[in-house]
Amino acid sequence: MKAPAFSICVYCGSRNGDEPRFAEMARQVGTWIGAHGGQLVYGGGRNGLMGIVAQATLAAGGQVVGIIPTALVEKEWAHHGLTELHVVDTMHERKRMMAEKADAFLALPGGIGTFEELFEVWTWRQLGYHDKPIGILNCHGYYDSLMTFIDQVVSHDFMGKWQTELVTTATEPLALLQSLVEQSGMSLPARTELI
């Protein structure tokens, strides 16, 4: 199997949410990763946005690595049609493996699990445990309130502006994905530059 051009870890919901455009954004993200010879690393489920981004990546010719704890295999209906599916013992092991296999991280809409994963890799980056780029895809204003809250945290001097600059936030998926790949030091295959 050919090595992927890059590897992006996507955090997102195991539900679709109430806005059909969330699913469309997840589809666009997966399609872009696959069409550009990339690899998706994600939580291994086949439900919700997780399943949509995985299926879109596979359909576009990309590789998909899912990592899921044993306790969630039935709850999240593990996706058994992936390039690789790793079943691990704990959430800590899942997140460690996801981080190790990624060149960059991207958060789509999701719930508390998505937030926890996003904030963990953000914290790790500020502490110097990694220097991989992190993106937030603010689909149709989903993360507006979070960004406002982060500004409030900075204004109360619990965070510095430099910490907010460790994350790239955008509303359009394709430019954000390209930026994350470029920031990671990886390159897109020449044949897919126009996709």
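Look up: the structure comes first, before these words.
Each value, and the rule that gives it
- Residue positions are counted from 1 within each chain, in the order its sequence is given.
- It should be noted that, the model being predicted, local features are given only for residues of pLDDT at least 70 and side-chain atom pairs only at 80 or more, the latter also being counted only at that level, while totals for whole chains, interfaces and linings use all residues.
- As a convention, hydrogens and water are excluded, and side-chain values are obtained from all of the structure's heavy atoms.
- Per the convention used, a helix needs a DSSP run of H or I reaching at least four residues, while a strand needs a run of E reaching at least two, with both numbered from the N terminus.
- Atoms considered for the radius of gyration are the C-alpha atoms alone. The globule rule reads 2.2 Å times the number of residues to the power 0.38.
- Relative accessible area decides the class of each residue, using a 1.4 Å probe on protein chains only: under 20% of the type maximum gives buried, over 50% gives exposed, and in between gives partly exposed.
- Pairs of residues are marked as contacts when any of their non-hydrogen atoms sit within 4.5 Å.
- Residue-level accessible areas treat just the shown protein chains as cover; the underlying method is Shrake-Rupley with a 1.4 Å probe.
- When charges are counted, neither His nor the chain ends are considered; positive counts come from Lys and Arg and negative counts from Asp and Glu.
- The atom standing in for a charge is NZ when the residue is Lys, CZ when it is Arg, CG when it is Asp and CD when it is Glu.
- In this scheme, patches are assembled from residues that exceed 30% relative accessible area and form no salt bridge. Like charges are connected within 9 Å, while nonpolar side chains (Val, Leu, Ile, Met, Phe, Trp, Tyr) are connected within 5 Å.
- Every case where a carboxyl oxygen of Asp or Glu lies within 4 Å of a side-chain nitrogen of Lys or Arg is listed as a salt bridge.
- Remark: nonpolar core denotes a set of buried residues (Ala, Val, Leu, Ile, Met, Phe, Trp, Tyr, Cys) joined through side-chain atoms within 4.5 Å.
- For helices, the fitted axis covers only the stretch in contact; all axes are lines through C-alpha atoms, and the angles between them, taken along N-to-C directions, range from 0 to 180 degrees.
- An angle below 35 degrees is read as roughly parallel, one above 145 as roughly antiparallel, one from 65 to 115 as roughly perpendicular, and any other as oblique.
- It is the rotation of the near helix from the far one that decides the hand of a crossing: anticlockwise by less than a right angle makes it left-handed, clockwise makes it right-handed.
- Residues are grouped as follows: Ala, Val, Leu, Ile, Met, Phe, Trp, Tyr, Cys and Pro are nonpolar; Asp, Glu, Lys and Arg are charged; every other residue, Gly included, is polar.
- If DSSP finds at least two bridges between two strands, the strands pair.

Colleague: Any chance you could explain the overall build of the protein here in plain terms?
Modeller: Within the protein one finds 7 helices and 7 strands. For the protein, the succession of helices and strands along the chain, N to C, is β-α-β-α-β-β-α-β-α-β-α-α-β-α. Over its C-alpha atoms the protein spans a radius of gyration of 16 Å, differing by no more than 12% from the 16 Å that the globule rule assigns to 195 residues. Within the protein, the proportion of its 195 residues that are buried is 49%. Taking all contacts inside the protein whose residues are at least 6 apart in sequence as the whole, residues at least 24 apart take part in 72%. Summed over all atoms, the accessible surface of the protein reaches about 9,600 Å², with 54% contributed by carbon and sulfur. Side chains of the protein give 14 positive and 21 negative charges; the mean places of these two sets differ by 5 Å.

Colleague: Honestly, a nonpolar patch on the surface in this entry has me stumped. Any pointers?
Modeller: Taken together, the side chains of Ile112, Phe115, Phe119 and Tyr142 define a hydrophobic patch exposed on the protein surface, amounting to about 380 Å² of accessible area. For Ile112, the position within the fold is in helix 4 (residues 112–126).

Colleague: Teacher, can you tell me more about the nonpolar core here?
Modeller: Side chains of nonpolar character tend, in soluble globular proteins, to be buried together. Ranked by size, the top nonpolar core spans 31 residues in total, and within it Val10, Val29, Ile33 and Leu106 carry the most contacts. Going through the elements one at a time, strand 1 (7–11), helix 1 (20–35), strand 2 (39–42), helix 2 (48–59), strand 5 (104–107) and helix 7 (173–183) are the ones with two or more residues in this core. Among the elements that line this core, the one with the most residues is helix 1, at 7 residues. Filtering out sequence-adjacent residues up to four positions away, Ile33 remains in contact with Phe6, Ile8, Val10, Gly38, Gln39, Leu40, Thr57 and Leu177. If you look at the next biggest cluster of nonpolar residues, it comprises 24 residues, including Cys9, Tyr11, Val121 and Ile136.

Colleague: In this structure, what is going on with the packing of helix 3 (residues 91–100) against helix 4? I would like to understand it.
Modeller: Two numbers describe a pair of packed helices, the interaxial angle and the distance between the axes. Packing of helix 3 against helix 4 leaves a shortest axis separation of 12 Å and a crossing angle of 60 degrees. Taken together, the axes of helix 3 and helix 4 lie oblique to each other. For the pair helix 3 and helix 4, the crossing hand works out as right-handed. Contacts from Arg94, Lys95, Met98 and Ala99 of helix 3 reach helix 4 at Glu116, Glu117, Glu120 and Trp124. Residue composition of the contact of helix 3 with helix 4, by class: 3 nonpolar, no polar and 5 charged.

Colleague: Before we go on, may I ask you to explain the sheet that holds strand 5 in this structure?
Modeller: The strands that make up a sheet are held in pairs by hydrogen bonds between backbone atoms, and each pair lies either parallel or antiparallel. What the 7 strands build is an open sheet, ordered 4-3-2-1-5-6-7; its pairing is parallel. For this open sheet the edge positions go to strand 4 (84–88) and strand 7 (167–170), each flanked by a neighbour on one side alone. Direction aside, neighbouring strands of the sheet carry axes that sit 20 degrees apart on average. Seen against the sheet, helix 4 touches strand 1, strand 5, strand 6 (134–137) and strand 7 and runs at an angle of roughly 150 degrees to strand 6.

Colleague: When you look at the pattern of salt bridges in this model, what are you seeing that I'm missing?
Modeller: A side chain of one charge can pair with a side chain of the opposite charge if their charged atoms are brought near each other. Taken as a whole and judged by the stated rule, the model has 6 salt bridges. For Arg21, the salt bridge goes to Glu19, with nearest N and O atoms at 3.1 Å. With a relative accessible area of 43%, Arg21 lands in the partly exposed category. Notably, a salt bridge pairs Glu116 with Lys95, separated by 2.4 Å at the nearest N-O pair. Remark: Lys95 occurs in helix 3 and Glu116 occurs in helix 4; sequence separation between them is 21 residues. Lys95 sits in the buried class, given a relative accessible area of 8%. One network of salt bridges, in which partners are shared, links Lys95, Glu116 and Glu120.

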